[in-house]
Amino acid sequence: MNIDQKTPYGGIGISLEAIAAVAGKAASECYGVVGLASKNKNLVDNVAILLNTEEFSKGVTIRRTTKKEYEVDVYLFGASGVKLSEVLSEVQKKVKYDLERTFGIKFHAVNVYIQDVREVEQQ
């Protein structure tokens, strides 16, 4: 499925994979995020999977809510020892801002789900 935009210069088709890539990159750059998780309901398999940048579409879901608005779900692993409510709030703000700035589409909501909490490896 593509999102079609009309501009004075012609039509633009935006793939859901492109939206997922931007949302996944924005979420993974936030402090307190270990990485993106698979959106699969099978949590036993999901706990072991930390998605690569090429697989962000597996951790992000996009839905149309109205004719011109969309909703995004982001599934991630949080870092142990940080205030998760702040991490969730920052991920929501950054993902919404980056998506609207990049694509010029109104995103009604960004829902963030923490699948697991993990220790951050010190380097």
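Each remark here, short or long, concerns the structure printed above.
Residues numbered from 1 in each chain as written. Predicted model: local features only at pLDDT ≥ 70, side-chain atom pairs only at ≥ 80, totals over all residues. Heavy atoms only, no water.

J.: Which parts of the structure should I look at to understand the layout of surface pockets?
T.: Here the idea is plain: a probe the size of a water molecule rolls over the atoms and shows the empty space left. Size it by volume and the largest pocket reaches roughly 190 Å³. Along its surface, the largest pocket is lined by I3, D4, Q5, R64, K67, K68, Y70, G104, I105 and K106. Among the elements that line the lining of the largest pocket, the one with the most residues is strand β1 (residues 2-7), at three residues. Here the residues of the lining of the largest pocket are counted per class, giving three nonpolar, two polar and five charged. (1 Å grid on protein atoms, 1.4 Å probe; cavity = no way out; pocket = protein on both sides within 12 Å on 5 of 7 lines; lining within 4 Å. Points joined across faces, edges and corners; volume = space filled by probe spheres on them. Helix = DSSP H or I, 4+ residues; strand = E, 2+ residues; numbered from the N terminus. Nonpolar A, V, L, I, M, F, W, Y, C, P; charged D, E, K, R; others polar.)

J.: Help me out: how do you make sense of the packing of helix α1 (residues 16-28) against helix α3 (residues 84-103) in this one?
T.: Think of two packed helices as two axes; the pair is described by the angle between the axes and how far apart they sit. At a closest axis distance of 9 Å, the pairing of α1 and α3 adopts a crossing angle of 140 degrees. By the angle class used here, α1 and α3 are oblique. Handedness of the α1/α3 crossing: right-handed. Every residue of α3 that contacts α1 at A18, I19, V22, A23, A26 and A27 is listed here: V91, K94, V95, D98, L99, T102 and F103. Residues of the contact of α1 with α3, tallied by class, amount to ten nonpolar, one polar and two charged. (Axes fitted to C-alpha atoms, helices over the stretch in contact; angles between N-to-C directions. Parallel < 35°, antiparallel > 145°, perpendicular 65-115°, else oblique. Left-handed = near helix turned anticlockwise from the far one by under 90°. Contact = heavy atoms within 4.5 Å.)

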